[in-house]
Amino acid sequence: MRATTIHGPRDIRFGEVEDPHIEKPTDAIVKVVAGCICGSDLWPYRGENPITEGSTIGHECVGVVEEIGADVRDVKVGDFVVVPFDHCDNTCVHCAAGMQSACTNLGFTVSGQGEYARVNQADGSLVTVPGTPDASLIPSLLALSDVMPTGWHAAVAAGVREGGTAVVVGDGAVGLCGVLAARQLGAERIIAMSRHEPRQEIAKAFGATDIVAVRGKEATAAVLEITGGVGADAVLECVGTDTSMKTAFHAARPGATVGFVGVPHGVTLPVGTMFGRNVGLAGGMAPVRRYLPELLGLVLDGSIDPGKVFDMTLPLDQVAEGYLAMDERRAIKVLLQP
């Protein structure tokens, strides 16, 4: 098959690789209808994460089931499915507790920016979309493979509540989906931190009531001014840097929780602030399968349209340009069509 591979910092290629195949009886092979580039893919692209030269990349996709293993019972060949980036059996003790991202049979999509992807726990992971979805729905369905459930997880972990105030640190696709999640969960005031007008516009469309276009101490001061000196009831940290984490804690009111979903890079927790102000930290890798049924229902009934985070669409063979556009912040999130 043709797929995206990474060979070094800023060295993305598209070419022939070995087809994925059924390795265990719980596997399925999905023909990718749409994939995309994630903000977290930029970490290895920029040389911030270790790279295995020539490995496939891409963990988000939707598509049609092409082949199933002998033990797969619930998913059928021909089903249109959303593929969670983190695979799970959905039956183990951790899955039963709502932590599918810590499943004892955890797996990951590794060729979502390709023509086919293997899912190692098909029945537990894949969520079927009724019928053949209209092309206009594909972006929002694709967002359900990662960024929308991840933004939702940040909001849930932070304890966003009806009538409360939420701050979202980060204006990438996950942060914007965090704004959407906070609105769905009933936050009355949602403060989005963004210095980029196109992202600000999506944040406002998703429910942001206020935009803070500064960083650091100025951002904290702006949040305190907006909240009457109190701080936010819930803070969603959707970046993963030391600066973004510190901003999140400083924006939180005493007794609040920071829900973090940004992959941490160089973060040192401000434990003194956490202790003195009783600000908690929760979150981590999103248990996508936990949230998928509810979020799919919200997409299908028109309540949410997370596909708006895609502002560039490219054919899969132009994937390198997609990486460059996101790295240069010319695009929020790039949708790839095989």
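Residues numbered from 1 in each chain as written. Predicted model: local features only at pLDDT ≥ 70, side-chain atom pairs only at ≥ 80, totals over all residues. Heavy atoms only, no water.

Visitor: Hey, could you run me through the overall build of the chain in this one?
Guide: When helices and strands are counted, the chain shows 12 helices and 18 strands. Relative to a compact globule of 338 residues, whose C-alpha radius of gyration would be 20 Å, the chain shows 19 Å and is just as compact. Across its three principal directions, the C-alpha atoms of the chain cover 60 × 40 × 35 Å. Excluding contacts between residues fewer than 6 apart, the proportion of contacts in the chain whose partners are at least 24 apart in sequence is 68%. Taken as a whole, the chain presents about 13,600 Å² of accessible surface, with 50% of it coming from carbon and sulfur. When the 26 positive and 40 negative side-chain charges of the chain are each reduced to one mean point, those points stand 7 Å apart. (Helix = DSSP H or I, 4+ residues; strand = E, 2+ residues; numbered from the N terminus. Rg over C-alpha atoms; globule rule 2.2 N^0.38 Å. Contact = heavy atoms within 4.5 Å. Areas by Shrake-Rupley, 256 points an atom, 1.4 Å probe, with all protein chains shown as cover. Lys, Arg positive; Asp, Glu negative; His and termini not counted. Charge placed at Lys NZ, Arg CZ, Asp CG, Glu CD.)

Visitor: Sorry, what's going on with empty space enclosed by the protein here?
Guide: Leftover empty space is mapped by rolling, across the atoms, a probe with the size of a water molecule. On inspection of all chains with the given rule, the structure shows one cavity of 30 Å³ or more. For the lining of the largest cavity, a count of residues per class yields four nonpolar, three polar and two charged. (1 Å grid on protein atoms, 1.4 Å probe; cavity = no way out; pocket = protein on both sides within 12 Å on 5 of 7 lines; lining within 4 Å. Points joined across faces, edges and corners; volume = space filled by probe spheres on them. Nonpolar A, V, L, I, M, F, W, Y, C, P; charged D, E, K, R; others polar.)

Visitor: What exactly am I supposed to notice about helix H12 (residues 319-327) here?
Guide: Helical geometry note: an α-helix holds 3.6 residues per turn, so side chains three or four residues apart project in the same direction. Among the residues of H12, Val319, Gly322, Tyr323, Ala325, Met326 and Asp327 are the ones counted as buried. Turning to H12, the residues buried within the fold contact strand S1 (2-8), strand S2 (11-16), helix H1 (42-45), strand S17 (312-315) and strand S18 (334-337). Just beyond H12, the residue with positive phi is arginine 329, at close to 60°. (Buried < 20%, exposed > 50% of the residue type's maximum accessible area, 1.4 Å probe, protein only.)

Visitor: Help me understand the nonpolar core in this model?
Guide: Soluble globular proteins tend to bury their nonpolar side chains together. Core analysis: the biggest nonpolar cluster contains 54 residues, and Val62, Leu141, Leu144, Met148, Val160, Leu236 and Leu295 have the highest contact counts within it. For this core, the element with the most residues is helix H6 (residues 173-184), which contributes eight residues. The contacts of leucine 295, once residues within four sequence positions are left out, are Leu144, Met148, Pro149, Trp152 and Ile304. Val167, Val212, Phe249 and Met274 belong to the second largest nonpolar core, which has 20 residues in total. (Core = buried A, V, L, I, M, F, W, Y, C linked by side-chain atoms within 4.5 Å.)

Visitor: Teacher, can you tell me more about the sheet that holds S1 here?
Guide: Hydrogen bonding along the main chain pairs the strands of a sheet, whether they run parallel or antiparallel. Taken in spatial order, the three strands of this open sheet run S2-S1-S4, and their pairing is antiparallel. The strands lining the two open edges of the sheet, one partner per strand, are S2 and strand S4 (55-56). As paired strands, S1 and S2 are joined by six bridges and run antiparallel to one another. Bridging from a neighbouring strand, alanine 3 pairs with glycine 15 of S2. (Pairing = 2+ DSSP bridges.)

Visitor: Before we go on, may I ask you to explain the pattern of salt bridges in this structure?
Guide: Scanning all chains against the criterion turns up 16 salt bridges. With a closest N to O distance of 2.6 Å, arginine 46 and aspartate 327 form a salt bridge. Pair noted here: arginine 46 is in the loop between H1 and S4 and aspartate 327 is in helix H12, with a separation of 281 residues, a long-range link. For aspartate 327, a relative accessible area of 16% corresponds to the buried category. The closest approach of N and O atoms between aspartate 233 and arginine 161, which form a salt bridge, is 3.3 Å. With aspartate 233 in strand S14 (residues 232-237) and arginine 161 in the loop between helix H5 (147-158) and strand S11 (165-169), the pair connects residues that are 72 residues apart, well separated along the chain. (Salt bridge = Lys/Arg side-chain N within 4 Å of Asp/Glu carboxyl O.)

Visitor: How should the packing of H5 against helix H11 (residues 288-300) be read in this particular structure?
Guide: Pairs of packed helices are described in terms of their axes, by the angle between the two and the distance that separates them. The contact between H5 and H11 brings their axes to 10 Å, and the two run at 105°. Here H5 is positioned roughly perpendicular relative to H11, judged by the angle of their axes. Residue-level inspection shows Met148, Pro149, Trp152, His153 and Val156 of H5 in contact with H11, the latter providing Val288, Arg290, Tyr291, Glu294, Leu295 and Leu298. Here the residues of the contact of H5 with H11 are counted per class, giving eight nonpolar, one polar and two charged. (Axes fitted to C-alpha atoms, helices over the stretch in contact; angles between N-to-C directions. Parallel < 35°, antiparallel > 145°, perpendicular 65-115°, else oblique.)

Visitor: I keep staring at the sheet that holds strand S16 (residues 280-283) and nothing clicks. Help me out?
Guide: Reading across from one edge, S13-S12-S11-S14-S15-S16 is the order of the six strands in this open sheet, with parallel pairing throughout. The open sheet is flanked by strand S13 (210-212) and S16, the only strands paired with a single partner. Adjacent strand axes in the sheet meet at a mean angle of 20°, parallel and antiparallel pairs treated alike. As paired elements, strand S15 (residues 252-260) and S16 share four bridges and run parallel to each other. Paired with valine 258 across the two strands is leucine 281, which belongs to S16. Running at roughly 145° to S14, H5 makes contact with S14, S15 and S16 of the sheet.

Visitor: Honestly, the environment of valine 230 in this entry has me stumped. Any pointers?
Guide: Note on placement: valine 230 falls in the loop between helix H8 (216-226) and S14. The contacts of valine 230, once residues within four sequence positions are left out, are Leu224, Arg253 and Pro254.

Visitor: Hey, could you run me through the side chain of histidine 7 in this one?
Guide: Positionally, histidine 7 belongs in strand S1. Taking the relative accessible area as the measure of exposure, histidine 7 reaches 19% and is therefore buried. The residues touching histidine 7, leaving out its near neighbours within four places in the chain, are Arg13, Ile51, Glu53 and Gly54.

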